[in-house]
Structure formats: structure tokens, C-alpha cells
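An overview of the molecular structure
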Amino acid sequence: MFHVLTGFIYQEKFEFGNEDIEIVSYIPVETIGAKVYHMVFNFLPKDVVILASCNRLVYCGSCFPLQEPTLYNCNPSIKEWIKDENRDERLYLAFELYSSETGAWRKSNEICQCNNNLIKNKGIYIEGVLHWLTDGDQVLTFGVEKELSWLISIPIPTLEFRTIPEACIGESEGKLHYVLVSEEGLHVWYLEDYYEFKWTLKHYKSLEEIEGEYPRFFLNLKNRVLQRVSVDTNPWMNPLGFKDGVLLMKMRAHMYMYDINNNKMAQACSIEDLNSKCTWCPTILPHSLSLVPLNHGDKVPFTPY
């Protein structure tokens, strides 16, 4: 069953230090260029950091610094939440399953040898499998039913490019998608086979084509992308989230949504609209409207943050 994308949840974090940024923004899809919402999680008793999303429910924790950290499972669509007091907060890579029926966590026995860092968002859940993009040209996956994990190679190694490319993963039509921006352009692949690592190119557009089709948005795009030859340099064109064929991208001072199926680009908002404090590696969660209560009994997989 597919759920229609309604918007993207956006939260920034500081590049240095442990203090969290309390502002959580919601960028709606249907009203592009309209108001950005900042009070999405004001129904919770504390300011929170967005940790993960699964089955349209959001898992979050109280902001640091705080003497007594608190974790919540919530549904922002109906403003319903449950306080989680059973979570082991030790920081290590492991797989855990949360039952909304019992309100308890259970640690899986599965172990995956992954020496890379998890990057870009907090995991994409597709048809019973959770996916995390890593910085080692692989996607870490975990199947909920059989509790098995494996690593999937991305369609093309990042070392193939002259500059530092940017990528994100997402879901559309029940399939894992990999979005890549480089000096060669915008590529979108989808995964056909999990075990043979078979990717199919779904969409491609060169930077020159993007600039030619949307001249009021972009100027000298390829040369600007070519300037990023170090990870210490902020990317000019950064794909942040992908869902239902809609790509959320940051380009310097603005956010854009690109519908790859209908070939439509629109400016979603400015960075100023997000009350931005630091645009380094924000958390982006695609969100769909849900009226599902929190005690509907599903198993929800997460990993430590």
C-alpha cells in the first residue's frame, strides 16, 4: 500500500558541538512557495530532535542538553504520542524492533559488518526493509520479518567523478531509489533486485538541461557544481530527500522541489523561511498523512542514533 507524500520534515543540526537546534520545519508539497510550518511538534511536552520515521510515525528525542533525556513515538497528523521509557541509549550500531502494541524494544541478534558511517537522514522504510545510506558507496539494509541485514553497492562509485558528488536515497512506487548529483548531472536509479544489486536508471538530466529549462532559478550551474572538490566545501546543489517521484534539493539560499515524473521544478522556500541556524547535514524526513493510532500493533525497526 502506497501513501501519498504530503511534505518534508526538516531539522538542522550544528556542525560542531553537542547542542541541538530545536526548530523543526514542515515544507508542504501541495502548497509550494506558501507558508513553511514550524509548530509541527508543539503537541509534545518538550522540544525534540527528529530521529527516524517508519510507517508514517515519527520517533524523536528531547533536545540536548537535558538532565533527563526523553524519547517519544508520535503521529504528528493526529497529534498523538507515547513516551518511550524502555530504550537502551548506549551508542553502538545495532538493530532493534519496537512493538507499538507492547510499548517495548527488542534487540535483534543480527550483526552486520559495516565499517562506514550512516549519512543523510535516519533511514528509509520500504516494504518491510529499512535502508540507510553510508559514506562508503553502500546502502545498509535490514529486513524486519527475517531480521537479516546486508549491504548493497550503489549504482556508480563516487570516485568515478572529478568533484565530490552528493546523493540521497528515497522511496517511490515501493522501490528504493538512489539520487545522485555530480558534474555529469542529476541521476535517479531504482533498485530492481536486492541480491544481484541490479539498479536501473529511471531519470537523467544534465546540468545544462536543468539550467536551460529553468533559467530564472539557475545560472552557471555546472561551473558552480565543479567548484566542489573537497568535502569541506558546501555543495552548491544538494539532494536532501526523495519520495513519490518528488526530490527536495537545496541550492545555496533556496529549497526546490523537482517532480521527475512530470518534469516540473518549483521553489519550495528560502533558507530564511526555515529560520535557519546551520544548514550542515540537516535531517529530512518525507511525510505522509496518517490517521493510524500508535497502538496498532506493528513492529517498527530503528537503530541507535
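Everything that follows concerns the structure shown earlier in this document.
All of the points below concern the structure found in this document. Predicted model only: the values in this text are computed from it and were never measured. (Residues numbered from 1 in each chain as written. Predicted model: local features only at pLDDT ≥ 70, side-chain atom pairs only at ≥ 80, totals over all residues. Heavy atoms only, no water.)

1. Describing the sheet that holds strand S4 (residues 57–62)
The condition that has to hold: Strands were regarded as paired on the criterion that DSSP finds at least two bridges between them. The numbering of helices and of strands both runs from the N terminus, where a helix is a DSSP run of H or I of at least 4 residues and a strand a run of E of at least 2. For helices, the axis comes from a line fit to the C-alpha atoms of the stretch in contact; other axes are also lines fit to C-alpha atoms, and the angle between any two N-to-C directions lies between 0 and 180 degrees.
Read from one edge to the other, the open sheet built from four strands follows the order S3-S4-S5-S6, with strand pairing classed as antiparallel. In this open sheet, the two edge strands, each paired with only one partner strand, are strand S3 (48–54) and strand S6 (80–84). Across this sheet, the average inter-strand angle for adjacent strands is 25°, counted without regard to direction. As paired strands, strand S5 (residues 71–75) and S6 are joined by five bridges and run antiparallel to one another.

2. Let's talk about the environment of Ser108
Threshold: Working rule for contacts: check all heavy atoms of both residues, and any pair within 4.5 Å makes them a contact. Here a polar contact is taken to be a pair of N or O atoms separated by no more than 3.5 Å, where protein atoms must pair a possible hydrogen donor with a possible acceptor and residues adjacent in sequence count only if both atoms sit in side chains.
Checked against the element boundaries, Ser108 lands in the loop between strand S8 (104–107) and strand S9 (118–126). Once the C-alpha coordinates of Ser108 and Leu148 are considered, the two residues, 40 residues apart in sequence, prove to be 9.1 Å apart. In this view, Ser108 contacts Phe95, Phe142 and Glu147; residues no more than four positions away in its chain are not counted. Among the polar contacts made by the side chain of Ser108, one reaches the main-chain amide nitrogen of Glu110 at a distance of 3.1 Å.

3. Some words on the pattern of salt bridges
Stated formally: Here a salt bridge means any side-chain nitrogen of Lys or Arg lying within 4 Å of a carboxyl oxygen belonging to Asp or Glu. The classification of residues rests on relative accessible area computed with a 1.4 Å probe and restricted to protein chains. Under 20% of the type maximum is buried, over 50% is exposed, and intermediate values are partly exposed.
By the definition in use, this model includes six salt bridges. Here Glu171 ties to Lys243 by a salt bridge, and the two come within 2.4 Å at their closest N and O atoms. Placement of Glu171 in strand S13 (residues 166–172) and of Lys243 in strand S17 (residues 237–243) is noted, with a sequence separation of 72 residues between them. Classification of Lys243 as buried rests on a relative accessible area of 13%. The closest approach of N and O atoms between Lys243 and Asp244, which form a salt bridge, is 3.8 Å. A single salt-bridge network, built from bridges that share partners, covers Glu171, Lys243 and Asp244.

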